[in-house]
Amino acid sequence: MTERPPQRVPNRQLAALIAEAGFSNAGLARRVDQLGLEHGLDLRYDKTSVTRWLRGQQPRGTTPALIAEVFTRRLGRRLSAQDLGLDACAPVYAGLEFAATPEEAVDIASGLWRKDSGSHAELRKIAFTPAGLVVPSRDWLIGRPDERVGRGDSAVARVPGQGRFTVPRQRAVDRGPGQRVTGGDIAALRSVGELFRTLDQAYGGGHARQALVRYLEHEAEPMLRGTYGEATGRRLFAAAADLTRLAGWTSYDIAAHGLAQRYFVQALRLAQAAGDRPYGSYVLVTMSRQAVYLGHGREAVQLTRVAQQGVGTGAPPVVQALLHAAEARGHGVLGEVRACTASLVRAERTLGAARPGDDVPHWARFFDEAQLADEFAHAHRDLQQYRAAAQHAERSLQLRAPGYARSRLFCRVVLASARLGLGELDQACALGAEAAQQATEMRSVRAVEYVRDFERRLEPYRDAAAVRTYRDRVASLP
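Residues numbered from 1 in each chain as written. Predicted model: local features only at pLDDT ≥ 70, side-chain atom pairs only at ≥ 80, totals over all residues. Heavy atoms only, no water.

**Regarding the overall build of the chain**
Link 1 in the chain: Helix and strand counts for the chain come out as 21 helices and zero strands.
Link 2 in the chain: Going through the 478 residues of the chain one by one, you find that 54% of them count as buried.
Link 3 in the chain: Expressed as a percentage of contacts within the chain between residues at least 6 apart in sequence, the contacts between residues at least 24 apart total 75%.
Link 4 in the chain: Carbon and sulfur atoms form 51% of the exposed surface of the chain, whose accessible area is close to 20,300 Å². (Helix = DSSP H or I, 4+ residues; strand = E, 2+ residues; numbered from the N terminus. Buried < 20%, exposed > 50% of the residue type's maximum accessible area, 1.4 Å probe, protein only. Contact = heavy atoms within 4.5 Å. Areas by Shrake-Rupley, 256 points an atom, 1.4 Å probe, with all protein chains shown as cover.)

Structure representation (structure tokens):
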């Protein structure tokens, strides 16, 4: 890995910390490489690299942050890259870590919101890291609940930005420091979340994503840095987790996959601060869905199993059904017929056990018979069981409300692919053309990719009259 030209001043801060930690140069290099692997990075540092750092050279990219984390784990206190005499890491790395405290979680999440609401286009280009799913899900599963999240007047003076991978904070001006958060504030966060969720479902994640991120920066962050008691604080963190997950979901929909992953990790940590274990499981399911979409079936299955273990058997039937269906999708991507079928059966059985009077969390109410049929259709398509896929896709389209326009589009493409798999070329092309038309009316990269996937499946039939007609129709779309 290329290093910067050496500086003349030895790094005495790093030397002192190496001595305090009892590391050898080779031992430090090995730990940095190992931590890099946790985040999907293939690093090749050795004792010579550490010698160069001690002489004043600055490691590039994310390495300063990794070195700081190695010392943080070893010494049991939070250390930044600056504490080691190293340049701070690039801000695009922020977000993959699972914060040690609620205060640090606020620092990390708000750093993402501020950077994303600005003109930092590189933040939306960073890559998705499958290995980066392991540590946060593990820490969520085995981590202890936060004993305290409330913030009194004495907490307001804490200097922000001391988290592991954060950027310097700029004070929002909409709300004075220390202003007390009320139940009305939290109700407003919830209402705004419903508004943006509706826009996302109908018009795609790209429609109002930037407005959502700016809202988080200018409204949610000052609230989180305000004053509140324990009960209000838990509710506030829960609302912030929901909005942060939605920011990740809309980022995922525009194919900003690395950024979406970071939002999901931070939503998971905020949910833990809220003490809301079921919602944490929902965030893990969201992460699993992204992994399925990107073809990482094994990671998708693992995330759903962590979610199931984390909430246990006491969750409402609708929540359990959601978790089982998400696991089925992972098995479907992997082509594991038996495991996929077993998960689908469990999802169907648990949803059937739901009763009208059940206390279902607001975020799980979308999971109904229409959604379950959609999950079945996708899984059977992935397993190339096209007749079953078509039957379930048709049922989902019959039951699904018009407001879920993007989900209906996805299901229509699944139905088109199933009809194609059954040799019904004319019907497949007609359905595909409808979906292509709808995709032009949305700001959703996923919608476009669904249509493109269908078109790739059409390629063996490219000379057929139905396919030529389809291509002519699509070519005329705006």
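**Topic: the pattern of salt bridges**
Link 1 in the chain: If you walk through the whole model with that rule in mind, you get 30 salt bridges.
Link 2 in the chain: The closest approach of N and O atoms between Glu-327 and Arg-305, which form a salt bridge, is 3.1 Å. With Glu-327 in helix α14 (residues 317–334) and Arg-305 in helix α13 (residues 297–311), this residue pair connects regions lying 22 residues apart in the sequence.
Link 3 in the chain: The shortest N-O distance in the salt bridge between Glu-449 and Arg-452 comes to 3.1 Å. (Salt bridge = Lys/Arg side-chain N within 4 Å of Asp/Glu carboxyl O.)

**Some words on the packing of aromatic side chains**
Ring pairs (aromatic) are described by centroid distance and by the angle formed between their planes.
Link 1 in the chain: Scanning the model with the defined rule gives eleven aromatic pairs in all.
Link 2 in the chain: Seen from their ring centres, Tyr-282 and Phe-366 are 6.3 Å apart, and the 45° between their planes marks the pair as tilted. You can see Tyr-282 sitting in helix α12 (residues 277–293) and its partner Phe-366 sitting in the loop between α15 (337–352) and α16 (369–382), a full 84 residues away along the chain. Comparing Tyr-282 with Phe-366, the two get one shared label, buried.
Link 3 in the chain: Between Phe-366 and Phe-367, the ring centres sit 6.1 Å apart and the planes meet at 90°, which makes this aromatic pair edge-to-face.
Link 4 in the chain: The rings of Tyr-279, Tyr-282, Trp-363, Phe-366 and Phe-367 are connected pair by pair, giving a single aromatic cluster.
Link 5 in the chain: Residue placement shows Arg-400 over the ring face of Tyr-404; its charged tip is 5.6 Å from the ring centre.
Link 6 in the chain: The ring centre of Trp-249 lies 4.9 Å from the NZ or CZ of Arg-446, which sits over that ring. (Phe/Tyr/Trp six-rings, centres within 6.5 Å; stacked < 30°, edge-to-face > 60°. Lys NZ or Arg CZ within 6 Å of the ring centre and 35° of its normal.)

**Notes on the packing of α12 against α14**
Link 1 in the chain: Where α12 contacts α14, the axes come no closer than 10 Å and their chain directions differ by 20°. On the basis of their axis angle, the class for α12 and α14 is roughly parallel. In this structure, α12 meets α14 at a crossing whose hand is left-handed. Contacts between α12 and α14 involve Ser-281, Tyr-282, Val-285, Ser-288, Arg-289 and Val-292 from the former and Val-319, Leu-322, Leu-323, Ala-326, Arg-329, Gly-330 and Val-333 from the latter. (Axes fitted to C-alpha atoms, helices over the stretch in contact; angles between N-to-C directions. Parallel < 35°, antiparallel > 145°, perpendicular 65-115°, else oblique. Left-handed = near helix turned anticlockwise from the far one by under 90°.)

**Some thoughts on the confidence of the model for the chain**
Link 1 in the chain: Counting all residues, the mean pLDDT for the chain is 89, and 90% of those residues have values of 70 or more.
Link 2 in the chain: With pLDDT under 50 throughout, residues 154–175 is counted as low confidence; its partners more than four residues away or in other chains account for 54 contacts. (pLDDT = per-residue confidence, 0-100.)

**Here we look at unusual backbone geometry**
Link 1 in the chain: Not every positive phi belongs to a glycine, and Ala-255 is a case in point at roughly 70°.
Link 2 in the chain: The phi torsion at Gln-384 lies on the positive side, around 60°, for a residue other than glycine.
Link 3 in the chain: Among the structural elements, Gln-384 can be located in the loop between α16 and α17 (386–399).
Link 4 in the chain: What makes Gln-384 exposed here is its relative accessible area of 57%.

**Section: the nonpolar core**
Link 1 in the chain: Counting residues in hydrophobic clusters, the biggest one holds 83 residues, and the most contacted among them are Leu-189, Leu-236, Phe-237, Leu-284, Met-287 and Phe-367.
Link 2 in the chain: By size, the runner-up hydrophobic cluster in this structure holds 33 residues, among which are Ala-390, Ala-393, Leu-397 and Ala-466. (Core = buried A, V, L, I, M, F, W, Y, C linked by side-chain atoms within 4.5 Å.)

**Side note on α15**
Link 1 in the chain: With 16 residues, α15 ought to run about 22 Å at 1.5 Å a step, and its terminal C-alpha atoms sit 22 Å apart, in line with that.
Link 2 in the chain: Buried residues of α15: Cys-340, Ser-343, Leu-344, Ala-347, Thr-350 and Leu-351, and no others. When α15 is viewed along its axis, its buried side chains cluster within an angular range of 135° and face the same direction. Looking at α15, the residues exposed on the side facing more than 90 degrees away from the buried face are Arg-338, Arg-349 and Gly-352. (Expected span 1.5 Å × (residues − 1). Arc of directions from axis to C-beta.)

**So, the layout of surface pockets**
Link 1 in the chain: Of the pockets and cavities examined, the largest pocket occupies roughly 1,000 Å³.
Link 2 in the chain: In this structure, the largest pocket is lined by 43 residues; those nearest its centre are Trp-249, Tyr-252, Phe-410, Arg-446 and Tyr-450.
Link 3 in the chain: Looking at the lining of the largest pocket residue by residue, the class counts come to 15 nonpolar, nine polar and 19 charged. (1 Å grid on protein atoms, 1.4 Å probe; cavity = no way out; pocket = protein on both sides within 12 Å on 5 of 7 lines; lining within 4 Å. Points joined across faces, edges and corners; volume = space filled by probe spheres on them. Nonpolar A, V, L, I, M, F, W, Y, C, P; charged D, E, K, R; others polar.)

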